[in-house]
Amino acid sequence: MPELADTLDLPSGLRLPNRIAKAAMSEALGDADNSPDGRIVTLYRRWAQGGYGLLVTGNIMVDRAHLGEPGNIVIEDDRALAQLTEWTKAAHDGGAAIFAQLNHPGRQSNLFAIGHQPVAPSAVPLALPGAVTPRELTPGEIENIIERFANAALVCETAGFDGVQLHAAHGYLITQFLSPLSNLRTDEWGGDPEKRMRFLIEVVRRVRSRVSPGFAVSVKLNSADFQRGGFSEDDSRGVVSALARESVDLIEVSGGNYESPAMSGTAAESTRAREAYFLEYARSVRSEAGSVPIAVTGGFRSRTAMQEALAAGDCDLVGIARPTVTTTNAAAVLLDGQADALETHEIKVGMRRFLGRFADLKSIDGVLNLSWNADQLHRLARGLEPDLQRGPLKTAVAMVRRNGRVSLKPKRGLA
Ligand SMILES: Cc1cc2nc3c(=O)[nH]c(=O)nc-3n(C[C@H](O)[C@H](O)[C@H](O)COP(=O)(O)O)c2cc1C
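Please read these numbers as outputs of a predicted model, since none were measured by experiment.

Some points on a nonpolar patch on the surface
Right, so step 1: Side chains of Leu128, Tyr258 and Leu370 sit close together on the surface and give an oily, nonpolar patch of about 270 Å² of accessible area.
Right, so step 2: As for its placement among the helices and strands, Leu370 is situated in helix α16 (residues 361-381).

Brief notes about the pattern of salt bridges
Right, so step 1: For the structure shown, the criterion picks out 30 salt bridges.
Right, so step 2: We note a salt bridge from Glu76 to Arg79, for which the minimum N-O separation is 3.8 Å.
Right, so step 3: Arg79 sits in the partly exposed class, given a relative accessible area of 43%.
Right, so step 4: Notably, a salt bridge pairs Asp375 with Arg390, separated by 3.0 Å at the nearest N-O pair. Here Asp375, found in helix α16, pairs with Arg390, found in the loop between α16 and α17 (392-408); they are 15 residues apart in sequence, far enough to count as distant.

Observations regarding the packing of helix α4 (residues 139-158) against helix α7 (residues 198-210)
Right, so step 1: Between α4 and α7, whose axes approach to 8 Å, the crossing angle comes to 40°. Compared by their axis directions, α4 and α7 come out oblique. Between α4 and α7 lies a crossing whose hand is right-handed. Contacts between α4 and α7 involve Ile142, Glu143, Ile145, Ile146, Glu147, Phe149, Ala150, Asn151, Ala153 and Leu154 from the former and Phe199, Glu202, Val203, Arg206, Val207 and Arg210 from the latter.
Right, so step 2: Of the residues that constitute the contact of α4 with α7, the class distribution is ten nonpolar, one polar and five charged.

Quick word on the site of the ligand
Right, so step 1: Neighbouring the ligand are 23 residues, the closest being Ala24, Gln101, Arg301, Ala321 and Arg322.
Right, so step 2: Contact distances for the ligand include 2.9 Å between an oxygen atom and a backbone N or O atom of Gly299.
Right, so step 3: Here an oxygen atom of the ligand sits 2.8 Å away from a polar atom, N or O, in the side chain of Arg301.
Right, so step 4: Compared with its free state, where it exposes 610 Å², the ligand has 94% of that area covered by protein.
Right, so step 5: Broken down by secondary-structure element, the contributors of at least two residues to the shell around the ligand are β4 (54-61) and α16.
Right, so step 6: The residue makeup of the shell around the ligand, split by class, is nine nonpolar, eleven polar and three charged.

What about helix α8 (residues 233-244)?
Right, so step 1: Across its twelve residues, α8 extends 16 Å between first and last C-alpha, which sits within 8% of the 16 Å expected from 1.5 Å per residue.
Right, so step 2: Within the span of α8, buried status applies to Asp235, Ser236, Arg237, Val239, Val240, Ala242 and Leu243.

What to know about the pairing of strand β5 (residues 97-103)
Consecutive residues of a regular strand have side chains that alternate between opposite faces of the sheet.
Right, so step 1: The buried fraction of β5 is high, at seven of seven residues.
Right, so step 2: A two-sided burial pattern is seen for β5, the buried positions comprising Ala97, Phe99, Gln101 and Asn103 on one face and Ile98, Ala100 and Leu102 on the other.
Right, so step 3: Note that β4 and β5 share six bridges and pair parallel. From the neighbouring strand, Met61 faces β5, where its bridge partner is Asn103.
Right, so step 4: After leaving β4, the chain enters helix α2 (residues 81-93) and then returns to the sheet as β5, a path that is right-handed.
Right, so step 5: As paired strands, β5 and strand β8 (residues 163-168) are joined by four bridges and run parallel to one another.

Quick look at the nonpolar core
If you look at soluble globular proteins, the nonpolar side chains tend to sit buried side by side.
Right, so step 1: Of all hydrophobic cores here, the largest spans 95 residues; its most connected members are Leu102, Phe149, Leu166, Phe199, Leu221 and Phe300.
Right, so step 2: If you tally residues by element for this core, the top one is α4, at eight residues.
Right, so step 3: Setting aside its immediate chain neighbours within four residues, Leu102 contacts Ile60, Val62, Phe149, Ala152, Ala153, Cys156, Val164, Gln165, Leu166 and His167.
Right, so step 4: Counting 14 residues, the second largest nonpolar core, distinct from the first, contains Leu8, Leu16, Phe99 and Leu317.

A word on helix α1 (residues 38-48)
Right, so step 1: Three or more residues of α1 are buried, namely Ile40, Val41, Leu43, Tyr44, Trp47 and Ala48. Angular distribution of buried residues about the axis of α1 spans 165°; they occupy a single face of the element.
Right, so step 2: Here the buried face of α1 lies against β3 (20-22), β4, α2, β5, α13 (323-326) and α16.
Right, so step 3: The backbone nitrogen of Arg39 has a side-chain oxygen 3.0 Å away, supplied by the residue at the start of α1, namely Asp37.

Structural notes on the sheet that holds strand β12 (residues 317-320)
Right, so step 1: Within the closed barrel, the eight strands sit side by side as β3-β4-β5-β8-β9-β10-β11-β12. Their pairing is parallel. Each strand of the sheet is rotated relative to its neighbour by a mean of 25°, with strand direction disregarded.
Right, so step 2: Running over the sheet, α1 touches β3, β4 and β5 and is turned about 155° from β4.
Right, so step 3: With respect to the sheet, α4 is in contact with β5 and β8, its orientation differing from that of β5 by roughly 160°.

Side note on the packing of aromatic side chains
Right, so step 1: For the structure shown, the criterion picks out eight aromatic pairs.
Right, so step 2: Note on Tyr44 and Trp87: the rings are 5.5 Å apart at their centroids and 70° apart in plane angle, and the pair reads as edge-to-face. In this pair, Tyr44 sits in helix α1 while Trp87 sits in helix α2, placing the two residues 43 residues apart along the sequence. You'll find Tyr44 and Trp87 in the same group, each marked buried.

What to know about the environment of Thr42
Right, so step 1: Position of Thr42 among the secondary structure elements: in helix α1.
Right, so step 2: The partly exposed category is assigned to Thr42, whose relative accessible area is 34%.
Right, so step 3: The spacing of Thr42 and Gly298 is 256 residues in sequence and 25 Å in space, taken between C-alpha atoms.
Right, so step 4: When near neighbours in sequence (up to four residues on either side) are disregarded, Thr42 contacts Leu380, Ala381 and Gly383.

Some thoughts on the confidence of the model for the protein chain
Right, so step 1: Chain-level pLDDT for the protein chain is 93 on average; 95% of the residues reach the 70-or-more range.
Right, so step 2: For the stretch residues 405-415, pLDDT sits under 50, and the model shows 17 contacts to residues farther than four places along the chain or on other chains.

Observations concerning the packing of α1 against α16
If you want to describe how two helices pack, look at the angle between their axes and the distance between the axes.
Right, so step 1: Put simply, α1 and α16 touch, their axes get as near as 7 Å, and they point 95° apart. The pairing of α1 with α16 is recorded here as roughly perpendicular in orientation. Across the interface between the two elements, Arg39, Thr42, Leu43, Arg46 and Trp47 of α1 pack against Leu377, Leu380 and Ala381 of α16.
Right, so step 2: A per-class count over the contact of α1 with α16 returns five nonpolar, one polar and two charged.

About the criteria used
- Residues numbered from 1 in each chain as written.
- Predicted model: local features only at pLDDT ≥ 70, side-chain atom pairs only at ≥ 80, totals over all residues.
- Heavy atoms only, no water.
- Patch = residues over 30% accessible without salt bridge, like charges linked within 9 Å, V, L, I, M, F, W, Y side chains within 5 Å.
- Areas by Shrake-Rupley, 256 points an atom, 1.4 Å probe, with all protein chains shown as cover.
- Salt bridge = Lys/Arg side-chain N within 4 Å of Asp/Glu carboxyl O.
- Helix = DSSP H or I, 4+ residues; strand = E, 2+ residues; numbered from the N terminus.
- Buried < 20%, exposed > 50% of the residue type's maximum accessible area, 1.4 Å probe, protein only.
- Axes fitted to C-alpha atoms, helices over the stretch in contact; angles between N-to-C directions.
- Parallel < 35°, antiparallel > 145°, perpendicular 65-115°, else oblique.
- Left-handed = near helix turned anticlockwise from the far one by under 90°.
- Contact = heavy atoms within 4.5 Å.
- Nonpolar A, V, L, I, M, F, W, Y, C, P; charged D, E, K, R; others polar.
- Near = heavy atom within 4 Å.
- Polar contact = N/O pair within 3.5 Å; in protein donor to acceptor, adjacent residues only side chain to side chain.
- Expected span 1.5 Å × (residues − 1).
- Pairing = 2+ DSSP bridges.
- Right-handed = clockwise from strand over helix to strand, strands pointing away.
- Core = buried A, V, L, I, M, F, W, Y, C linked by side-chain atoms within 4.5 Å.
- Arc of directions from axis to C-beta.
- Phe/Tyr/Trp six-rings, centres within 6.5 Å; stacked < 30°, edge-to-face > 60°.
- pLDDT = per-residue confidence, 0-100.

Pasting the structure below:
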């Protein structure tokens, strides 16, 4: 039976030193040119000492005209090769493998950061207050984005990353193609499940054809989007079986999106009691995945739950995100027996009775907690310790300041 401390061999030949991965968390630590700088190196040096078998970077955009957040790192060409190489060296010096998570936000572009209408498979806005209706992508633009993923992957390989992870979760462009709610196309990119998954499969194929056989290509995939009429677990199982026919090294299971944020634990109480939110789905997809290893991320906190998931064969790798913000050496803590479980820190907005009359407090708390974690990553990147006393007000001000500053800047180079 596999143990957390055991190595994991991926199909392309990469050997991960153990079964605990730091999952992707958007760092938004790009400089004025959306390139990485010394801050990301400082942050990853810290995580690299944390005992993880794999570090997955926060999402890196493949097009600077389409950012999920101000400050996203972008890879369009090799202009930042030196900094990217320093980043991978920081991970390798600590003994961890490192994957770059590649992403296009589609309709989840941040308007403050891009200053123009977002694009998407179809002109369907997010079902969130203030969402802008995106413009439908032309077939030529779709081809251009596929090519961008492949170019970015090649730059990543040159910079020393061990692999890439294609972000096909949480409502970003690839999931917008997968979901029948956001993909209303009637051409070869939409319609039945086969056509809706075509964009993802074409991205996987193009990336694979551009990088060496020993370079890992992985996918973070939603188990479902948890929306009526949306991308279902059956749809997702269909995608896993299609991915198993491609040369894919790892499928990381997550779920949800910003309309229905299952990835951060809004699932039913019974699911939360078992810690990992998407474990049952992972178990159900084993046969479709064949020999492709499966990772599960979302909710894992205790060594026992992680060990049981591996022992039961439900997954091969455990992903953890939020606990690694305040316990940067979370994997070492569990593997060395310094603690039996990891802690996460949560904040809640104040004046609940008053604010509750106008707004959905759960959503506000969700956004604040994302921001709280992002603020802590920025502290770590400056060589500081996390600030556990940081409250909702400071967090909210920092969030508005970050978005506001960028919104006042001229939108250089944007279409
Ligand atoms: C601040 C923050 C940023 C995140 N950014 C990303 C991201 O860039 N890509 C991604 O796939 N998931 C992202 N996530 C989701 C995590 O990878 C993970 O799926 C989620 O937090 C659940 O895992 P956990 O319970 O271990 O935190 C982010 C989560 C947080 C808290």
